[in-house]
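Architecture at a glance
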Amino acid sequence: MNHVKAFALKGIMTLALLSIVMGLGFRLSAESIALTAVLYGAISYGIGDMAFLHKTNNLLTTAVDLALTFVLVFSVVIWFEGLNAGIAASSAFISALMMAVGEYFFHLYIKRNELGSVKQNSV
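Residues numbered from 1 in each chain as written. Predicted model: local features only at pLDDT ≥ 70, side-chain atom pairs only at ≥ 80, totals over all residues. Heavy atoms only, no water.

Further remarks concern the overall build of the protein. Across its full length, the protein carries five helices and zero strands. Counting from the amino terminus, the protein carries its helices and strands in the arrangement α-α-α-α-α. The C-alpha atoms of the protein give 15 Å as radius of gyration, which agrees with the globular expectation for 123 residues (14 Å, within 12%). Its C-alpha atoms give the protein principal-axis dimensions of about 50 × 25 × 20 Å. Counting only residues that meet the buried cut, the protein has 40% of its 123 residues in that class. Looking at the protein as shown, the accessible area adds up to about 6700 Å², and 72% of this sits on carbon and sulfur atoms. (Helix = DSSP H or I, 4+ residues; strand = E, 2+ residues; numbered from the N terminus. Rg over C-alpha atoms; globule rule 2.2 N^0.38 Å. Buried < 20%, exposed > 50% of the residue type's maximum accessible area, 1.4 Å probe, protein only. Areas by Shrake-Rupley, 256 points an atom, 1.4 Å probe, with all protein chains shown as cover.)

Set out below in structure tokens:
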């Protein structure tokens, strides 16, 4: 049940932040926002939050999330919206920065609630 709550929290955070930047800021389609949020949530929760976070630290995992967000947003904007690289890079950069801030605090939540590999690796 804790994973369901954490995944839902991450999904809401991701969708909200991407909607603000991609939707309101760059007027991108709801389909692109939803696709990015689903891809990001699936990749980053399973690999980043449940495995990588517990083998490294919060700062490094947040940096990986920043890079993942940039690549995903850039790719979706180029492939599905058909916009130029300048707009794609701008929306990806701002989205990545906002997601990194959100992810930093989400990682604290993951560690505080001992989700994932924390129980086996706790000191």
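So, about the packing of helix H1 (residues 2–25) against helix H4 (residues 85–112). It is at 10 Å that the axes of H1 and H4 come closest, and there the two elements cross at 155 degrees. On the basis of the axis angle, H1 is roughly antiparallel to H4. The hand of the H1/H4 crossing is right-handed. Contacts between H1 and H4 involve Lys5, Ala6, Leu9, Lys10, Met13, Thr14, Leu17, Leu18, Ile20, Val21 and Met22 from the first element and Ser91, Ile94, Ser95, Met98, Met99, Gly102, Glu103, Phe106, Tyr109 and Ile110 from the second. Residue composition of the contact of H1 with H4, grouped by class: 14 nonpolar, four polar and three charged. (Axes fitted to C-alpha atoms, helices over the stretch in contact; angles between N-to-C directions. Parallel < 35°, antiparallel > 145°, perpendicular 65-115°, else oblique. Left-handed = near helix turned anticlockwise from the far one by under 90°. Contact = heavy atoms within 4.5 Å. Nonpolar A, V, L, I, M, F, W, Y, C, P; charged D, E, K, R; others polar.)

This structure, assessed with the given rule, holds two salt bridges. When the shortest N-O distance is used, the salt bridge between Asp49 and Lys10 registers 2.7 Å. With Asp49 in helix H2 (residues 30–55) and Lys10 in helix H1, this residue pair connects regions lying 39 residues apart in the sequence. Accessibility classification places Asp49 together with Lys10 in one group, the buried group. For Lys10, the salt bridge is made with Glu103, and the minimal N-O distance between the two is 2.5 Å. (Salt bridge = Lys/Arg side-chain N within 4 Å of Asp/Glu carboxyl O.)

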